[in-house]
Amino acid sequence: MSNTGFQQKLQKVAGKISSNRYLKAVSDGLMSVVAVLIIGAFSTLLSEMAIEPYQNFITNIGIKGLLEIPAQYTTEMVALYAVFFIAFKLAGSFEKEGSSAGLIALMSFLVLTPTTMLEEDPVLPFQFLGAQGLFVAIIVGLVSARLYVLIVNKGLTIKMPAGVPPTVSKTFIGLVPAIIIVIFFTIISFLFTFTPFGNMHEFVYSFIQAPMQNLGGGFWSLIAFTLVVHGLWLLGIHGMLVVLPIYLSIWMPLGVENLDALAAGEELPNIVNTGFAHVFMMLGGSGATLGLAIIMAFLARSKRYKTLGKIALPGSFFGINEPLLFGLPIVLNPYLAVPFVVAPLVSVTIPYFLMSTGIIARTAGAHLPLGTPTFFNAVVQGGVVLLIVQIIMIIVTGLIYYPFFRVLDKQALEQEKSAE
Amino acid sequence: MKNILLVCAAGMSTSMLVDKMKKAAEAKDEEIKIEASSGGDIKSHIEEADVLLLGPQVSYLQEDYTKQYGGDNGIPVEVIDSLDYGTMNGEKVLNWALDLISNA
């Protein structure tokens, strides 16, 4: 594969996608709430860990209820955090005050969220504040922040006379946009009461989010996703970065749904989620290269690959494998294209079917940050059983790479010998 | 003082290279500051930078960044050689970066 016109064109498209400010605001905004999700995930995992003596222990000393509290206010309200940060990031990309935009987005989101009556008091149900509200959070975050930028750019703000401290005038800059935007979403909210859905959440969830999650959470989407990420990498493009907006906006809510189900003691609904991808698709980084890194570090006979394997191995346990991608190299290297695509396909397919047939439990769905070590991530998502499956996948993917690597190793060894 | 800024996707693998470059820089006489950044927070680092280096996985950003930060009045914006990047050859990348600065 040479640096063809096709590749350059693809590079440009990839660059456009990954630097598109709306997609980037969605990814960056969702990335900002990862801390919230992690606290929620550990709260759920610690309170629901299915080990009987442990459960008896935490119930007896009365801390089970306590352990459940953080999840309630994090995972189950994640849309509230997300809407703020998506708007914050989008306004920031236009070099406008992010916190005003975030605040306005949060108000707009709440205006659209239905309340119910509990006896005589209005209550705000959690239903649309968590995973089910994430698409509305994305839409409202983007639309309200864009409107905010538009209004500020038009100069429709209250200008304070000179001499007023900048912090004071900053507060007032957001006021006019806030009034206009919140009125706008109030009207939208009102209009939805005339539809059979009753509110925007119900509409977006049943017409956009649920169908997209159904599609995106299926087996063939998993395969297509794996193919796209790795196909792009082979052409030298950071595949994961390009598909990140889809990855986060579709697969992250699927994981949140699993955590919610776990907290409620229900069956886990989704096989595919970001936790699953982390444990199996990104096993040592793109290309599921951990097995390859181990082979290189311990079994390579050429100096060149042994050294590289030792450079690559520590990072590989944390999912960072650029030394292999560029140093081996895998990128633009036809010899390794086949295992680079086949290995991750196999390492997602086998666990998928183990889960769909009920042989092993589905992943808990915790969204762990980039750099979370292998083994640990498997234990978090599914205990010892998942850890064993992950280790088997490291061996299987290693075996897929092995014959291809042997050829390269042999060539390098001969070169080294003749150079001596 | 010379200031080198590196950018990759999440700033993770680049920080590995930065460590190696810092070690190589200790052997030099001059004071050199080397930093890794992800694409997102480039704005907070770019002011001080004398050269902007991109990881090969984000080479497609070069055009964009050259427009913003490079050009006649800007700083050099270059993509790191992928083999040097992969083998984490800090010394070679450092020398190359210093050459870019002195030729700018």
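Residues numbered from 1 in each chain as written. Chains lettered and ligands numbered in written order. Predicted model: local features only at pLDDT ≥ 70, side-chain atom pairs only at ≥ 80, totals over all residues.

Asks: I'd love a proper account of the UniProt feature "domain: PTS EIIC type-3" (unreviewed entry) in chain A, names of residues and values included.
Replies: Feature annotation in UniProt places "domain: PTS EIIC type-3" (unreviewed entry) on residues 6–404 of chain A, given in this structure's numbering. Helix makes up 72% of residues 6–404 of chain A and strand 2%, and the two end C-alpha atoms of the span are 27 Å apart. (UniProt positions renumbered as here; feature names shortened; annotations may be inferred. Helix = DSSP H or I, 4+ residues; strand = E, 2+ residues; numbered from the N terminus.)

Asks: Give a description of the UniProt feature "modified residue: Phosphocysteine" (unreviewed entry) in chain B that names residues and reports values.
Replies: Residues and elements named next belong to chain B. Those residues carrying the UniProt feature "modified residue: Phosphocysteine" (unreviewed entry) are C8 in this numbering. Along the polypeptide, C8 turns up in strand β1 (residues 2–8). Its 27 C-beta neighbours within 10 Å are what place C8 among the buried residues. Contact partners of C8, with chain neighbours within four places excluded, come to S13, T14, G55, Q57 and V58. (Buried ≥ 20, exposed ≤ 12 C-beta atoms within 10 Å, placed from the backbone. Contact = placed C-beta atoms within 7 Å.)

Asks: Describe the pairing of strand β3 (residues 51–54) of chain B, with residues and values.
Replies: Residues and elements named next belong to chain B. Every second residue of β3 is oriented toward a common face, with V51 and L53 on one face and L52 and L54 on the other, all of them buried. Pairing geometry for β1 and β3, over four bridges, is parallel. Residue V7 lies in a different strand from β3, and its bridge partner there is L54. Crossover connection from β3 via helix α3 (residues 62–69) to parallel strand β4 (residues 77–79): handedness right-handed. (Pairing = 2+ DSSP bridges. Right-handed = clockwise from strand over helix to strand, strands pointing away.)

Asks: An account of the interface of chain B and chain A is needed here, citing residue identities and associated values.
Replies: Every contact between the two is made by 19 residues of chain B and, on the other side, 24 residues of chain A. Mapped onto the side of chain B that touches chain A, the elements with two or more residues apiece are α1 (12–26) and α4 (82–86) of chain B. When residues in the side of chain B that touches chain A are grouped by element, the largest group, four residues, is from α4(B). Across the side of chain B that touches chain A, the residue classes tally to eleven nonpolar, seven polar and one charged. (Nonpolar A, V, L, I, M, F, W, Y, C, P; charged D, E, K, R; others polar.)

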